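Descriptive analysis of the structure
Below, each chain spelled out in residue letters.
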Amino acid sequence: MHGLLRSVWDEPRPSGAPRRVWRDWALVVVLLPAALLEGFLRPELRWPAVAVTVAAGLLPTLLWRRTRPLLMVTIAFGTCGLVPLLTGRNSLDLTVLSYVLLLAYALLRWGSGREIAVGSAVIVGKLGLGAATGEHDLADLVAGFVVLFAVMALGAAIRYRAGSRQRELDQVKLLERERLARDLHDTVAHHVSAIAVRAQAGLAVAAVRPEAATEALRVIEAEASRALVEMRGIVRVLRDGDPPELVPAPRVVDLDRLADDSRDEPPVEVEIVGDAGRLTPAVSSAVYRLAQESVTNARRHARRATRIRVRVVVDATTVRLRVADDGEPATVRPGRPTGYGLAGMAERAGLLGGTCEAGPGPEQGWIVTAVLPRAGAAV
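Below you will find a few notes about this structure. All values derive from a computational prediction rather than experimental measurement.

Conventions used here
Residues numbered from 1 in each chain as written. Predicted model: local features only at pLDDT ≥ 70, side-chain atom pairs only at ≥ 80, totals over all residues. Heavy atoms only, no water. Helix = DSSP H or I, 4+ residues; strand = E, 2+ residues; numbered from the N terminus. Buried < 20%, exposed > 50% of the residue type's maximum accessible area, 1.4 Å probe, protein only. Expected span 1.5 Å × (residues − 1). Arc of directions from axis to C-beta. Contact = heavy atoms within 4.5 Å. 1 Å grid on protein atoms, 1.4 Å probe; cavity = no way out; pocket = protein on both sides within 12 Å on 5 of 7 lines; lining within 4 Å. Points joined across faces, edges and corners; volume = space filled by probe spheres on them. Nonpolar A, V, L, I, M, F, W, Y, C, P; charged D, E, K, R; others polar.

Turning to unusual backbone geometry, a few remarks are in order. Phi at Arg304 takes a positive value of approximately 60 degrees, unusual for a residue other than glycine. With respect to the helices, strands and loops of the structure, Arg304 is situated in the loop between α10 (281-301) and β2 (308-314). For Arg304, a relative accessible area of 68% puts it in the exposed group.

What follows is the structure, encoded as structure tokens:
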């Protein structure tokens, strides 16, 4: 119980509390003549001048009710509790003064835990003072409690709903940032691996073909430039929280990029069967990244490979990816741990409710297969 009370007491103010807007000024403009008119049309009021003055004088509290909820509640309810002690019973019996309910609502909606506790004590104290001085009978006291409780409960409910919505948005942002971080890793791994492969090839043939070193430098420069462009876009989002739509998100239909880069060896053949344009962004991007990582691994590790084939088959329920090279038969040592790249690929597929497996082909090379549900798993 103590922990619960402490958490309520330490509850911070909700973020995004709006300051004065045109509706606040319009409300003040409407209520001011309403208070004057009610004071003029109700001759039974014992202190009409005092009542109208108090009603008009407390109107500015509506303008700061969101940014200073406790102070406004203390001013309004404190004044309404103390004035009858000086002027007599029912001296503030104006209907227009019911606008103070907005202050009670704002206290629960925008106040911190401490402000809510202190402000609620002020409100209860005002009602208790009215009952003690005979300003309110039992029926009025019960009605006042019911109305105030309903208004404050409404403020608390809307506060909770807004907080729940904000937590959902924060969770979505965290998941998106996790995806972007994974894309950043894949981007760096792909381009750096391509740079390393081209640099090794250039060094190997530089003595025989000096022009090959120049060509290798051109390829390295192009790969580094593309890596920087993609990395800057992703890092900008991770750092500044820009909308995810600003980040280049490659899809299945972009797999031709792997085949178009004819400067890398071995060449890549891409085949897409089915309607890949209607896949969800998460699944489509995952298939591209899995294929990209597989091609990078094949170019780096496949021995004497002359061709890499990428095949994507999209049907009504699943997306199937197969990446195979025709290199020398690969061997896997028993008990050898899986590399981080393959583990990351399996994890990426698993997050979407799919699978990703890699291993030596039945006759030659290395084969990567992945099966993902077309809609992706619910996260």
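What follows concerns helix α2 (residues 22-41). Over its 20 residues, α2 runs 29 Å from end to end, which matches the ideal 28 Å to within 8%, given 1.5 Å per residue. Taken residue by residue, α2 has Asp24, Val28, Leu31, Ala35, Glu38 and Gly39 as its buried positions. Down the axis of α2, the buried side of the element spans an arc of 105 degrees, and every buried residue falls inside it. Away from its buried face by more than 90 degrees, α2 exposes Trp22, Val29, Val30, Leu37, Phe40 and Leu41. Elements in contact with the buried residues of α2: α3 (48-57).

A separate point is helix α6 (residues 113-132). Taking 1.5 Å as the rise per residue, α6 with 20 residues should run 28 Å; its terminal C-alpha atoms sit 28 Å apart, in good agreement. Phi turns positive one or two residues past the end of α6, at Gly134, with a value near 80 degrees.

This part takes up the layout of surface pockets. When its volume is computed, the second largest pocket comes out at roughly 710 Å³. For the lining of the second largest pocket, the secondary-structure elements that each account for two or more residues are α4 (69-87), α5 (100-110), α6 and α7 (138-205). Take the lining of the second largest pocket: its biggest share by element is 6 residues, from α7. Residue classes in the lining of the second largest pocket are distributed as 12 nonpolar, 5 polar and 5 charged.

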